[in-house]
Amino acid sequence: LASLQAWVDSFFGGIVGRGLSNPTAPWLGVNPYPPVRVAGAAQLVRAVPVAERRSVAISWPVVFGSEAARMEWFRLKPHVHVSCVLGHEGEASLLSVMKRRGLVEGLLAGVSREDDNFAVFRVNFLLTELGLRRLYEVIDAAFSVIRQLERDGIPPYIFEENRELREVQWRFLSKQPSLSVALGTVGTMQKGVGPESYLSGRLLFEEPNPQAAETA
């Protein structure tokens, strides 16, 4: 650590801190996507791919209204628990039900983009030809799971499983390219976390409180 500190000081010690504010601060709370015509309504965009591909993606922008909201998202990582439920592949899961109906071949759920002022959570279905014809049935099935989560909450065991899985992943993390580690660490430092989380903050849950994560 002393050697790393010396290297940083030798290369960057001459840079004078001017106390500038975060350039992304003015964008906190601003939805990066254009508003829909009817408040609360969804927007469907159709595109014809060059290659043969059948899929539908449902996206939700999560706008951070304040620095505290952004930090809460980073510490609690609520999207991990939601994606675990939506992307589950076991019996009675969304994927298994859609496969039995012959509508989808695969499903991915998680954050597709994350910036300082917003994140995008996405559920993506790889459709069969029948699924493309019965597109709204697939979409309705996804929202039925979300409505169930709103009604019943996330199963408590999900929080504990994700915490344990992340800790095992961190403990046995393979060696990463130096450039990737450096860039990732700098990005984490800019989120305002403490030094103890510079390396592990992107992976581990800083707040293992299920109630707080579910609220977020």
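Computed from a predicted structure; not experimentally measured.

Let us now look at the pattern of salt bridges. Scanning the entire structure with this criterion turns up nine salt bridges. With a shortest N-O distance of 2.1 Å, Glu67 and Arg70 are connected by a salt bridge. Placement of both Glu67 and Arg70 in helix α2 (residues 67-76) is noted, with a separation of three residues, approximately one turn of the helix. A residue is classified by how much of its surface remains accessible, and Glu67, at 34% relative accessible area, is partly exposed. Where Glu137 meets Arg101, a salt bridge forms, and the shortest distance between an N and an O atom there is 3.1 Å. In this pair, Glu137 is assigned in helix α6 (residues 135-152) and Arg101 in the loop between α4 (94-100) and β2 (104-114), connecting sequence segments 36 residues apart. Taken together, the shared-partner salt bridges connect Arg101, Arg134 and Glu137 into one network.

Further remarks concern helix α8 (residues 178-189). Over its 12 residues, α8 runs 16 Å from end to end, which matches the ideal 16 Å to within 8%, given 1.5 Å per residue. Taken as a whole, α8 has its buried residues at Gly184, Thr185 and Thr188. Buried residues in α8, looked at end-on, bunch into an arc of 100°, giving them a common side. α8 presents Leu179 and Leu183 as exposed residues on the side facing more than 90 degrees away from its buried surface.

Further remarks concern the packing of helix α3 (residues 78-86) against helix α7 (residues 156-171). Contact pair α3 / α7: the axes reach a minimum separation of 10 Å and the direction vectors enclose 110°. It follows that α3 is roughly perpendicular to α7 by the angle criterion. Taken together, the residues of α7 that come into contact with α3 (itself represented by Val80, His81, Cys84 and Val85) are Ile158, Phe159, Asn162 and Arg166. Grouping the amino acids of the contact of α3 with α7 by side-chain chemistry returns five nonpolar, two polar and one charged.

What counts and how
Residues numbered from 1 in each chain as written. Predicted model: local features only at pLDDT ≥ 70, side-chain atom pairs only at ≥ 80, totals over all residues. Heavy atoms only, no water. Salt bridge = Lys/Arg side-chain N within 4 Å of Asp/Glu carboxyl O. Helix = DSSP H or I, 4+ residues; strand = E, 2+ residues; numbered from the N terminus. Buried < 20%, exposed > 50% of the residue type's maximum accessible area, 1.4 Å probe, protein only. Expected span 1.5 Å × (residues − 1). Arc of directions from axis to C-beta. Axes fitted to C-alpha atoms, helices over the stretch in contact; angles between N-to-C directions. Parallel < 35°, antiparallel > 145°, perpendicular 65-115°, else oblique. Contact = heavy atoms within 4.5 Å. Nonpolar A, V, L, I, M, F, W, Y, C, P; charged D, E, K, R; others polar.

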